[in-house]
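# Fold and contact review
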Amino acid sequence: IDMFMSQPQKVTQTNGGGDYCTFMLNELVKLSGLHITVLLYVGRGHNDVVDALCKNNGLQKLYYDDNADFEKIINNGNFDTLYFPVLHPYHKEIKIKREQRIIAGIHDLSTIEQAKVFYKVKGKKFLGNDGWDWLRNIYRTIFSTSILKQEIKTHNKLFNLSDNEIVYTVSYSTRTEMNFLLSTNETSIPVFYTPDIVIKNTEDCIDTDILEKTGIKKQSYFLLCSANRWNKNNEIAIKTIDNFFSYNRKCSHKALVLGAVPNVKSYLLTQIVNKEKFVFKGYVDRAELETYFKNAYCLVYPSVIEGFGLPPVEAMKYGVVSLCSTATSIPEICADAAIYFDPYSHESIYKALLKAFDNEYMELVKHHVKRRYKELSDKRADDLRLLLNLISNVYI
């Protein structure tokens, strides 16, 4: 199992793809009779949870420095199956035995989608994690057409790493994108919804302590995530919420923005008037994140690139309504259990905020939230079982 995406890098300690990798490793070690080798990249940091899983279950860890190292490990290892929980374009050029059995998850076509929508997202050049991100953003702007062609070529290579490769994805929306943009056949790509990879409920007393320390109250704040990632498109939502506060002075709610690393926070503060109504935080651990989801009035999720869309489902678990973008997979996953808006329109986002304070309408949406979460939970559990069967050839 390749755990490349589970390893932290720069200021990004974890993300949905990394959590997915860790979760799948944890599920695989529960199956009896499997001998698991964990592959890790020397150029990234250590994931404490992965290290603990390896230590506690006696799993061998092998490190690779480049594709040549990776090829030696696989071609000399006599592995029945090579599993990529998240197949990264980094591996597009690996040359391994053509008969090698591969199971690979492609969760989204983010690098292709970035080339398609990058120019639409305001403030993207200011929201990089560092100077290299800014340079990459400038490059994307100038060479978007050539990048799109190159990324399509790259992803087609990922579908041909061996003659015995099964690629799956996590939503029908992503499968449709694959068939539209790549040389794929719809019936050959299984869809397994992303399982519930988050921790369970935290205690109320811990919730209270965390909220008081953050300066917010239960059900009295809008939650926004991943502010340091331009494709999550938070700037337009933050500006619209700020405008909403200006026109609704009696509104006592605040906005909690997570992932606001220092340079992102500095930039966003220059874009808003009601600074006292916003709380900016950087990376938070899982328990703290869960508390914020559990106690939010609404999640505001203006993402423009999404393979599955975990945050609205995490909010849904607690009966919290999400104001969501209509982009990519989000309407498929949330169905009628969210309030939707055009992610590029201030007016559309503002109208969604108004709906969030229509009590009668909110009660209707909350009813849908409860039903939809049950539907998703059942499908996610079934899909996880089917995926584990596929990976392990053990029927559970």
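Residues numbered from 1 in each chain as written. Predicted model: local features only at pLDDT ≥ 70, side-chain atom pairs only at ≥ 80, totals over all residues. Heavy atoms only, no water.

## Comments concerning the packing of aromatic side chains
If you walk through the whole model with that rule in mind, you get 16 aromatic pairs. Plain terms: the ring middles of Tyr41 and Tyr64 are 5.8 Å apart, the flat faces sit at 35° to each other, and that makes the pair tilted. Taken as a pair, Tyr41 in strand β1 (residues 37-41) and Tyr64 in strand β2 (residues 60-64) lie far apart in primary sequence, 23 residues in all. Its relative accessible area of 18% is what places Tyr41 among the buried residues. Between Tyr193 and Phe308, the ring centres sit 5.4 Å apart and the planes meet at 75°, which makes this aromatic pair edge-to-face. Here Tyr193 is found in the loop between α7 (172-181) and α8 (204-214), whereas its partner Phe308 is found in the loop between β9 (298-301) and α12 (310-316), with 115 residues between them in sequence. Among the aromatic residues, those joined into a ring-pair cluster are Phe4, Tyr41, Tyr64, Phe70, Phe84 and Tyr90. Just above the ring of Tyr193 sits the side chain of Lys379; from NZ or CZ to the centre is 4.7 Å. (Phe/Tyr/Trp six-rings, centres within 6.5 Å; stacked < 30°, edge-to-face > 60°. Helix = DSSP H or I, 4+ residues; strand = E, 2+ residues; numbered from the N terminus. Buried < 20%, exposed > 50% of the residue type's maximum accessible area, 1.4 Å probe, protein only. Lys NZ or Arg CZ within 6 Å of the ring centre and 35° of its normal.)

## Some details on the sheet that holds strand β7 (residues 254-257)
Strands sit in the order β8-β7-β6-β9-β10-β11 across an open sheet of 6 strands; the sheet is parallel. Because the sheet does not close on itself, it has two edges, and the strands there are β8 (278-280) and β11 (339-341). Here the average twist between neighbouring strands, direction ignored, is 20°. Taken together, the 4 bridges between β9 and strand β10 (residues 321-325) define a ladder with parallel strand orientation. Bridged to Leu299 within β10 is Ser322. Sitting on the sheet, helix α9 (residues 234-247) touches β6 (221-224), β7, β8 and β9, and the angle it makes with β6 is about 170°. Of the strands in this sheet, β6, β9, β10 and β11 touch helix α14 (residues 346-356), which is tilted by about 165° from β11. (Pairing = 2+ DSSP bridges. Axes fitted to C-alpha atoms, helices over the stretch in contact; angles between N-to-C directions. Contact = heavy atoms within 4.5 Å.)

## A look at helix α11 (residues 286-295)
Counting buried positions along α11 yields 8 of 10 residues, so the element is predominantly enclosed. All of the buried residues in α11 are Glu288, Leu289, Glu290, Thr291, Tyr292, Phe293, Lys294 and Asn295.

## With respect to the environment of Phe84
On the secondary structure map, Phe84 appears in strand β3 (residues 81-84). Along the chain, Phe84 and Leu39 lie 45 residues apart, while their C-alpha atoms are 9.9 Å from each other. In contact with Phe84, not counting residues within four places along its chain, are Asp2, Phe70, His91, Ile94, Ile102, Ile103, Ala104 and Gly105.

## Let's talk about the pattern of salt bridges
Under the definition given, this model contains 17 salt bridges. Put simply, Arg371 and Glu375 hold a salt bridge, and the shortest N to O gap is 3.0 Å. One end of the pair, Arg371, and the other, Glu375, are both in helix α15 (residues 359-392), 4 residues apart, so they sit about a helical turn from each other. Among the residues examined, Arg371 registers a relative accessible area of 32% and is labelled partly exposed. (Salt bridge = Lys/Arg side-chain N within 4 Å of Asp/Glu carboxyl O.)

## Considerations on the confidence of the model for the protein chain
In this model, the protein chain carries an average pLDDT of 89, and 89% of its residues clear a pLDDT of 70 or more. For the stretch residues 199-205, pLDDT sits under 50, and the model shows 14 contacts to residues farther than four places along the chain or on other chains. (pLDDT = per-residue confidence, 0-100.)

## Considerations on the sheet that holds β3
Spatially, the 3 strands line up as an open sheet ordered β3-β4-β5, and their pairing is parallel. Whereas interior strands pair on both sides, the edge strands pair on one side only; in this sheet they are β3 and β5 (164-168). Strand-to-strand twist of the sheet, defined as the mean angle between neighbouring strand axes without regard to direction, takes the value 10°. The sheet contact formed by strand β4 (residues 101-105) and β5 spans 5 bridges and is parallel.

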